[in-house]
Each structure stands twice: as C-alpha cells, then as structure tokens.
Amino acid sequence: MRQIVLDTETTGIDPKEGHRLIEIGAVEVVNRRLTGNNFHQYINPERDIDPEAVEIHGITNERVADEPVFADVADAFWEYIYGAELVIHNAAFDVGFIDHEFGLLQNKRGGPRLGPVAEHCGVLDTLAMARKLHPGQRNNLDALCKRYAIDNGRRVLHGALLDAEILSDVYLAMTGGQTALSLAGIEEAGGGSAEGGNSVSGIRRVAREGMTLVVTRPSETELSAHRAKLDGIRQAAGECHWDALDATTQGPS
C-alpha cells in the first residue's frame, strides 16, 4: 500500500475567505516503510498572510515572495499524490485547501481537471482515528507525540514537512507498527533501495555456532508441590487432563 502522510500551512483559516496554501509537506510510506521520497514546496499565495497565521507557523510574506505560485507546482504535486491514501491530521482542513487551489487553477487555465482529492485518493483522518482511540482526551499532534513517546523536540513552530514526518511516526504507532524506520535501517535490512521506494523484507539469520540450550529441571521440592497440586485437581474435578499428556514430553507428574 502506498500512503502519503501530508500537512499544509496556509495564509489563514478558511479558503472561502480567499486564503491560500503557502507550504505543502509530505512523506511517502510504502508497506509501512518510509521511502525517503518526500514532497516539500513553499508557495507564493499571491496575497498577504494573516498575522495570526504567522504566529502559528512563522512563515512570512517575505519568505514566500520569491516562491512559485501553486499553478507552477500543481502538476508535480498531483502526480505525487495521485492514487495514494493520504494520511492527514484533521483532513477536512488540508483537503479543503488543496481542492480550493485545484479549483482556482481549473478556472484559470482550463484543460484536464486536477482533483477533487477524494475522487482520486483515499483519505485517512488521524484526528478522527485518535478521537475513537482516546475519547475525551486531547488529540492534537503534540498530545499524541507525548502519548506515543514520539520525539517532537524540533517542533517549535508548525512546519508542513516536519509535521508530516512527525505524523508518520504517530500514525505508525497508533496502528501498531514500529516507528524506527530510518533509511539507514532499511538499507541495512537489505533487499531494496530507499530511493526507489521498494519494500524491504530482509531476514537476519542468527549464527548458532557455539550456542547451547540450557535446560532447567525442577527440584524435588518443586516436583512434590506439583504432584500435590495435581492431586487437588483430581479430587475436586474427578479427573486431571494432565494425566492424558505424554509424560515424556511434559515431565514427571
């Protein structure tokens, strides 16, 4: 399965009020392994960023003034996410902005339509998942990092790529998978290139030369206690299933 763990930063809260994307960050996960095939792009929103938004993510108008506009990166971004399952925290927010950008692009240039996202990609909302797993608790990204012992020490301000990387660790932990999936670890396991995004299923064989199996046998006191326990079972139940077991494999009764 190919999944894209994705986050965005924006000029404000609501695209219906004219707010735009200013950063997209995404990491690729294939068969629960990080591939290193990431997507990261700052975007010139062609409008001012709200001061309240700057306080959250730290991205200023000056920072994105010389970045490409969304129309210049839309095709590459669409090709990157197409057909994948998108893993997003509070997915309605990010997907709403992405669809809004694709809609503006369609109105501007026409031609083949990109989006809507949900018609061409799966969407998994980790916020909804966390609320089911941990009802009545805080389930923002920082709270989940603390709950699942994920290091988010670099997260002073919100940033799309950093948040996507952290969310990938949180998601794998929430769904019961290991989170230590560094590219170095993948390469050491053998059987695939991180750059190529191949899944890895290498098996490390343990050398057994010189190894001996230590067998600990019960003492006479332990055997006596065991026999007494079985006698108590026979008296209480009328039978003891232990008696039907092979004494040579199960030990003395």
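Residues numbered from 1 in each chain as written. Predicted model: local features only at pLDDT ≥ 70, side-chain atom pairs only at ≥ 80, totals over all residues. Heavy atoms only, no water.

Caption draft 1: Seen up close, the pattern of salt bridges. In total, this model carries eight salt bridges according to the counting rule given. Here Asp 50 ties to Arg 47 by a salt bridge, and the two come within 3.5 Å at their closest N and O atoms. Judged by its relative accessible area of 25%, Asp 50 is partly exposed. Asp 231 serves as the salt-bridge partner of Arg 234, at 2.6 Å between the closest nitrogen and oxygen. Placement of the pair is Arg 234 and Asp 231 together in helix H10 (residues 220-237), with a separation of three residues, close to one helical turn. (Salt bridge = Lys/Arg side-chain N within 4 Å of Asp/Glu carboxyl O. Buried < 20%, exposed > 50% of the residue type's maximum accessible area, 1.4 Å probe, protein only. Helix = DSSP H or I, 4+ residues; strand = E, 2+ residues; numbered from the N terminus.)

Caption draft 2: Fine view of the nonpolar core. Residues Ile 4, Leu 6, Phe 70, Phe 77, Ile 81 and Phe 102 are the most contacted members of the largest nonpolar core, which totals 26 residues. Those elements that place two or more of their residues in this core are strand S1 (2-10), strand S2 (21-30), helix H3 (70-81), strand S5 (85-88) and helix H4 (91-109). The element contributing the most residues to this core is H3, with seven residues. Ile 81 has contacts with Arg 2, Ile 4, Leu 6, Leu 86 and Cys 121, leaving out every residue within four places of it along the chain. (Core = buried A, V, L, I, M, F, W, Y, C linked by side-chain atoms within 4.5 Å. Contact = heavy atoms within 4.5 Å.)

Caption draft 3: Structural context of the pairing of S2. Within S2, ten of the ten residues are buried, which leaves the element mostly enclosed by the surrounding structure. As judged from the nine bridges shared by S1 and S2, these two strands associate in the antiparallel manner. Bridged to Gln 3 within S2 is Val 29. Strand direction decides the pairing type here: S2 and strand S4 (residues 39-42), joined by four bridges, are antiparallel. (Pairing = 2+ DSSP bridges.)

Caption draft 4: Layout of the packing of aromatic side chains. Tallying each qualifying case throughout the model produces seven aromatic pairs. Taking 5.5 Å as the distance between ring centres and 35 degrees as the angle between the ring planes, the aromatic pair formed by Phe 39 and Tyr 80 counts as tilted. Highlighted residues: Phe 39 in strand S4 and Tyr 80 in helix H3, separated in sequence by 41 residues. The pair Phe 39 / Tyr 80 is uniform in exposure class, with both members buried. Among the aromatic residues, those joined into a ring-pair cluster are Phe 39, Phe 70, Phe 77, Trp 78, Tyr 80, Tyr 82 and Phe 102. (Phe/Tyr/Trp six-rings, centres within 6.5 Å; stacked < 30°, edge-to-face > 60°.)

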